[in-house]
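The primary structure of each chain is shown beneath.
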Amino acid sequence: MLSRRKFFTTAALAAAVGTGGAAAHATPAVLPGQREYRTLTMRGYNRRYVARPRQIHLPATAQEVRQAVANSVRDGLRIAARSGGHCFEDFVDSAETRSLIDLRRLDRVDWDDEHRAFSVGTGLTLETLYTELARWDVTVPGGICRAVGVGGHISGGGYGPLSRKHGVVADHLYGVEVATVARDGSAGLVTATRNGPHRDLWWAHTGGGGGNFGIVTRYLLRSPGSDGSDPAAALPRPPRSMLSTTLTLPVTTEDSFVRFMSNYLDFYAHHREPGNRFDGLYAPISFRPTLTGLGEMLIIQAADGPDARDLVDEFVATICAGVTPGAIVAPAVERSYADTVAHVYYAGTADPPRVKTKAAYLRRPYTADQLRTCYRHIISPAFVGESSLEFLPFGGAVNAVAPEATAMPARDSFMTMLIHAAWRLPVDDDRHIGVARQLYRELYAGTGGVPVPDEHNGGSYINYPDPDLADPQFNRSGIPWHAFYYGENYPRLQRVKAQWDPGDVFRHRLSVALP
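Conventions we followed
- Residues numbered from 1 in each chain as written.
- Predicted model: local features only at pLDDT ≥ 70, side-chain atom pairs only at ≥ 80, totals over all residues.
- Heavy atoms only, no water.
- Helix = DSSP H or I, 4+ residues; strand = E, 2+ residues; numbered from the N terminus.
- Rg over C-alpha atoms; globule rule 2.2 N^0.38 Å.
- Buried < 20%, exposed > 50% of the residue type's maximum accessible area, 1.4 Å probe, protein only.
- Contact = heavy atoms within 4.5 Å.
- pLDDT = per-residue confidence, 0-100.
- Axes fitted to C-alpha atoms, helices over the stretch in contact; angles between N-to-C directions.
- Parallel < 35°, antiparallel > 145°, perpendicular 65-115°, else oblique.
- Nonpolar A, V, L, I, M, F, W, Y, C, P; charged D, E, K, R; others polar.
- Core = buried A, V, L, I, M, F, W, Y, C linked by side-chain atoms within 4.5 Å.
- Pairing = 2+ DSSP bridges.

*Asks:* Help me get a handle on the overall build of the protein chain, residues and values and all.
*Replies:* Helix and strand counts for the protein chain come out as 14 helices and 17 strands. The C-alpha atoms of the protein chain give 22 Å as radius of gyration, which agrees with the globular expectation for 515 residues (24 Å, within 12%). Counting over 515 residues, the protein chain shows a buried share of 60%. Taking as baseline every contact in the protein chain between residues at least 6 positions apart, the subset at least 24 positions apart corresponds to 74%.

This is how it looks when you write it as structure tokens:
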């Protein structure tokens, strides 16, 4: 990682506590030993990391966020902000975090008449966002895990079951309100919009990732094609109803696995263009060997048209062609969109594991040799447990946007691969992390052990962060880590960083570096 240059001293910070208001206007911080402290520190998804900050702030307004930032900077405390707590790495739950700003009380969804957009607090979960937007009969193409917080999800791009139809959530981002810190250490609030004077700051939040430029206090959501005159037309309308079913792949031979996955990847590679007739079909698959099978696929299909069941049947027949033993497919169930979100989307977990993730975008299907590598790893006793190898469909409307139009450049891929190693005991850390690293290394043996962006690979997704990409021990390609997440957009992100966070107050192990 690049070294971080400090642009101002603690003494200088102490003299600059913000723009307006004194510390008395901030909400009292939760301190170690107080009743709420342990619960708040344990909100993170990955039990490998638990922060022990000196103080935890629970602001309920944007001004209280600004004041918490100002006080933390004044006291020389390293800041991190938490929305839903689902970061896979220690960007929030770091040993260096001394002031944790928990955004859970920023939980409102309203229509903003001034900006003609939906105002969304960054402490919301996706579940609450979907529910609140339903009052206007609109939605966003966000993630399938309902417990994820919108704060980091949207700033990293945000995709899910409706993305092949409507793009990523960041494609519908009209503006952001951000608490920032100036060169002199003063904290302020700035609103940046798609067409406003601070457009670069807006752009940086369309996939630039959280924890880089300031603390987002609210998002303004409005689709590019809407003028905001009607809230019911400002965002995509959800499907009238959705079909859902599951497909279980039995424990099978290596050859049958290769045939099945080749069929699956070829299908989505062929239907990657915007507006293709399968853009409403989302079928992620998770390989985790159990007594009942090798992997399970969730199939969700928007049922707005009369051919929804035919599309599901055609998809299943295509991916199962030549596969023996055949997959087990449950009868498809049709539910309303709201009921699908409530009963089919993932609920999250109240008992998080220890986690290591590694990910990649696919521009071309894996070769037979790469699929054989996958098979050998997932049937290995070392892989048995809570770990999984996942494939999540991408492309469609996502690929209708130019790579430079948003900070997220992944606009020509059709699939996301995710290695999600999960376990319970600290004593098993090295073993499970090693298994994840070895699978990744073998998959990308021809490009230095990492998915170097080329005709086959599309880099990776910042919301699935992997600090190994910044470590030459694991990234032997010679390509810098930021090329995997941001491609040619990185220099522009650095310029935004220099303007809005010149003191590098907001940083973590994969944060945008000052130029």
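*Asks:* Explain the confidence of the model for the protein chain to me, using residue names and the numbers behind them.
*Replies:* This prediction gives the protein chain a mean pLDDT of 94; 95% of its residues lie at or above 70. Taken as a whole, residues 1–24 scores under 50 in pLDDT and shows 59 contacts with residues more than four places along the chain or in a different chain.

*Asks:* Tell me about the environment of Gly185, and name the residues and values.
*Replies:* Counting through the fold element by element, Gly185 comes out in the loop between strand S6 (173–181) and strand S7 (187–193). Note on Gly185: relative accessible area 0%, which makes it buried. Expressed as a C-alpha distance, the spacing of Gly185 and Leu493, which sit 308 residues apart in the sequence, is 21 Å.

*Asks:* Lay out the packing of helix H8 (residues 254–270) against helix H9 (residues 308–320) with the relevant residues and their values.
*Replies:* The contact between H8 and H9 brings their axes to 7 Å, and the two run at 135 degrees. In terms of their interaxial angle, H8 and H9 are classed as oblique. Contacts between H8 and H9 pair Phe260, Asn263, Tyr264, Phe267 and Tyr268 from the former with Phe315, Thr318, Ile319 and Cys320 from the latter. Among the residues forming the contact of H8 with H9, the class breakdown is 7 nonpolar, 2 polar and no charged.

*Asks:* Summarise the nonpolar core; cite the residues concerned and give the values.
*Replies:* Within the largest apolar cluster, 126 residues are counted, with the highest numbers of intra-cluster contacts made by Phe257, Tyr264, Phe315, Phe391 and Met417. In terms of residue count, the dominant contributor to this core is H8 (9 residues). The contact partners of Phe391, leaving out residues within four places of it in the chain, are Met261, Tyr264, Leu265, Pro284, Ile285, Phe287, Tyr366, Met415, Thr416 and Met417. In terms of nonpolar packing, the next biggest core, distinct from the first, is built from 15 residues, Val69, Ala179, Ile215 and Val505 among them.

*Asks:* Before we move on, could you go through the sheet that holds strand S3 (residues 99–102) and cite the residues and values that matter?
*Replies:* With parallel pairing, the 3 strands of this open sheet are ordered in space as S1-S3-S2. Every other strand in the sheet has two partners, leaving strand S1 (55–57) and strand S2 (79–82) as the edge strands with one partner each. Strand-to-strand twist in this sheet, taken as the mean axis angle between neighbours without regard to direction, amounts to 25 degrees. For S2 and S3, the ladder comprises 4 bridges, and the chain directions are parallel. For Ala80, the partnering residue across the bridge sits in S3 and is Leu100.

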